[in-house]
Amino acid sequence: MISRRIDEAFARPTPLSADHDLFAEFRDLLSAGEIRAAQPDPAAPQGWRVNAWVKRGILLGFRLGTLARYDLGDGLLHFSDKSTFPPKTSPPGGGTRVVPGGSAVREGAYLGRGVTCMPPMYVNVGARVGDGTMIDSHALVGSCAQVGRRCHISAGAQIGGVLEPVGALPVIIEDDVLVGGNCGVYEGAIVKRGAVLGAGVILTRSTPVFDIARGEVIRAGDDGPLVIPEDAVLVPGSRPIGRGPGREWDLSLQAPVIVKYRDDRTGERIRLEDLLR
């Protein structure tokens, strides 16, 4: 199995010449979406499990690569990166639109059919973007992040990646999620199917989310990620500091708020995004 071969190559202190061929095989599978850094798993506590061997394979690529220069656009654009991770090309037959204007996708990332990339945006190695998703201008999909089908990652949004430690779950954005402009989702947070993040929402593992629709506070578990429920609609909020200098100075902390759960009216607004695809 390729997983066993990758783990053996990763454990070797000195790479073998055959490891380069092994990595090329591994990267092709990753780029084609046949293997992935994390995948749905109904048996896992949050419905997802990490494939640590895939992350080790990516790290092996960094170890094997040397600095190389890449020239694109008849020499008008120059890149210097590891030889094992050249810029990814998207043939028209794949149904992916990468609109001109400074976007980049690293080899080892997977883009599904009908993905639209608006310039300038960036998708890092190990990331997976599902069919029909739009990645808007100035958006980032970090290494190993998993973005589902029919999502909209709006302008300026940051979907953080988690490559190390290899056992850590990356950021997960499930199907039919809208991530609003200038949002940030980091530290292995999971945004469940159909959720809507209003512009400017920031989610991290240490961020409590205040669900006023259900009257509860959502926090990451001791060993688990922050999980945003299905169909939740979040907006940025704030909460006052209740003691010490923060209270004396009348300061507040940012606090994402679930104001409601998605309904027909919410879905109708989001369907308007299809006009942009």
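Counting starts from 1 at the beginning of each chain's written sequence and moves along it residue by residue. Two thresholds apply to this predicted model, a pLDDT of at least 70 for residue-level local features and 80 or more for giving and counting side-chain atom pairs, whereas whole-chain, interface and lining totals are computed over all residues. Only hydrogens and water are set aside; all other atoms, that is, all heavy atoms of the structure, feed into the side-chain values.

Some details on the overall build of the protein chain
Secondary structure elements are taken from DSSP: a helix is a run of H or I of four residues or more, a strand is a run of E of two residues or more, and numbering for both begins at the N terminus. Each helix and strand counted, the protein chain has five helices and 28 strands in total. For the exposure calls, accessible area comes from a 1.4 Å probe over protein chains only, and a residue counts as buried if that area is under 20% of its type's maximum, exposed if over 50%, partly exposed in between. Scored against the burial criterion, the 277 residues of the protein chain give a buried share of 49%. By definition in these notes, contact holds between two residues if any of their heavy atoms fall within 4.5 Å. Once local pairs closer than 6 in sequence are excluded, the contacts in the protein chain between residues at least 24 apart make up 40%. Only the protein chains shown count as cover for residues, and the accessible areas themselves come from Shrake-Rupley with a 1.4 Å probe. For the protein chain, the exposed area adds up to about 13,600 Å²; of that, 53% sits on carbon and sulfur atoms. Counting rule for charge: Lys and Arg are taken as positive, Asp and Glu as negative, and neither His nor the chain ends is counted. A charge is said to be at NZ when it belongs to Lys, at CZ for Arg, at CG for Asp and at CD for Glu. Of the charged side chains in the protein chain, 32 are positive and 32 negative; the average position of the first set lies 1 Å away from that of the second.

Remarks on empty space enclosed by the protein
Using a 1 Å grid laid over the protein atoms alone, points where a 1.4 Å probe fits but cannot get out form a cavity; open sets with protein on both sides within 12 Å along at least 5 of 7 lines form a pocket; any residue with an atom within 4 Å of a point counts as lining. Grid points are joined across faces, edges and corners, and a volume is the space filled by probe spheres set on the points. Applying the stated criterion across every chain yields a total of one cavity of 30 Å³ or more. Approximately 30 Å³ is the volume attributed to the largest cavity. In terms of lining residues, the largest cavity is bounded by Leu30, Ile35, Arg36, Gly108, Tyr110, Gly126, Ala127 and Arg128. Grouping the amino acids of the lining of the largest cavity by side-chain chemistry returns four nonpolar, two polar and two charged. Classes in brief: Ala, Val, Leu, Ile, Met, Phe, Trp, Tyr, Cys and Pro nonpolar; Asp, Glu, Lys and Arg charged; the others, Gly included, polar.

Topic: the sheet that holds strand S10 (residues 128–129)
When DSSP finds two or more bridges between a pair of strands, those strands are recorded as paired. Read from one edge to the other, the open sheet built from six strands follows the order S7-S10-S13-S16-S19-S24, with strand pairing classed as parallel. Edge strands, defined here as strands with exactly one partner in the open sheet, are strand S7 (110–111) and strand S24 (227–228). In the sheet, strand S19 (residues 190–191) pairs with S24 via two bridges, with the strands oriented parallel. Residue Val191 lies in a different strand from S24, and its bridge partner there is Ile228.

Brief notes about the pairing of strand S28 (residues 257–261)
Here strand S22 (residues 209–211) runs beside S28; their pairing, made up of two bridges, is parallel. Its bridge partner being in S28, Asp211 is matched across the sheet by Ile258. When strand S25 (residues 232–235) meets S28, the two strands line up antiparallel, connected through four bridges. Residue pairing for S28: Ala232 is matched across the bridge by Tyr261.

Side note on the packing of helix H1 (residues 2–11) against helix H2 (residues 18–31)
Look at H1 against H2: their axes get within 11 Å of each other, and the N-to-C directions meet at 135°. In terms of orientation, H1 lies oblique with respect to H2. Crossing angle aside, the handedness with which H1 passes H2 is left-handed. On H2, the residues touching Ile2, Arg5, Ile6 and Ala9 of H1 are Asp19, Leu22, Glu25, Phe26 and Leu29. Considering only residue class, the contact of H1 with H2 consists of six nonpolar, no polar and three charged. Comment: axis = line fitted to C-alpha atoms, over the contacting stretch for helices; angle = value between 0 and 180 degrees taken between N-to-C directions. Small angles under 35 degrees read as roughly parallel and large ones over 145 as roughly antiparallel, with 65 to 115 read as roughly perpendicular and the rest as oblique. Note on convention: the crossing is left-handed when the near helix lies turned anticlockwise from the far helix by less than a right angle, right-handed when the turn is clockwise.

Some words on unusual backbone geometry
In this structure, Pro120 follows Pro119 across a cis peptide bond, with omega equal to -15°. Assignment of secondary structure puts Pro120 in the loop between strand S8 (116–117) and strand S9 (122–123). Even without being a glycine, His138 presents a positive backbone phi close to 65°. Checked against the element boundaries, His138 lands in the loop between strand S11 (134–135) and strand S12 (140–141). Here the phi dihedral of Cys144 falls at roughly 70°; this positive angle occurs in a residue that is not glycine. You can see Cys144 is positioned in the loop between S12 and strand S13 (146–147).

Some details on the sheet that holds strand S14 (residues 152–153)
Judged by pairing direction, the sheet is mixed, and its 10 strands sit side by side in the order S5-S8-S11-S14-S17-S20-S25-S28-S22-S23 without closing on themselves. Of all strands in the sheet, those bounded by a partner on one side alone are strand S5 (97–98) and strand S23 (216–218). Here S8 pairs with S11 via two bridges, running parallel. In the sheet register, Thr116 faces S11, and the bridge partner there is Met134.

Some words on the packing of aromatic side chains
What counts as a ring pair is set by centres within 6.5 Å for rings of Phe, Tyr and Trp (its six-membered ring), and what kind of pair is set by the plane angle: stacked under 30 degrees, edge-to-face over 60, tilted for all other angles. Counted by the stated rule, this structure contains four aromatic pairs. Taking 5.5 Å as the distance between ring centres and 80° as the angle between the ring planes, the aromatic pair formed by Phe23 and Phe85 counts as edge-to-face. Here the residue Phe23 occupies a position in helix H2, and Phe85 occupies one in the loop between strand S4 (77–82) and S5, the gap between them amounting to 62 residues. Given the relative accessible area of 2%, Phe23 is considered buried. Measuring from centroid to centroid gives 4.7 Å for Phe62 and Phe85, while their planes differ by 40°, and the two rings are tilted. Of this pair, Phe62 sits in helix H3 (residues 52–64) while Phe85 is found in the loop between S4 and S5, placing the two residues 23 residues apart along the sequence. With a relative accessible area of 23%, Phe62 lands in the partly exposed category. Either the NZ atom of lysine or the CZ atom of arginine qualifies as a charge over a ring when it sits within 6 Å of the ring centre and within 35 degrees of the ring normal. Over the ring of Tyr261 we find Arg214, and its NZ or CZ is 3.7 Å from the ring centre.

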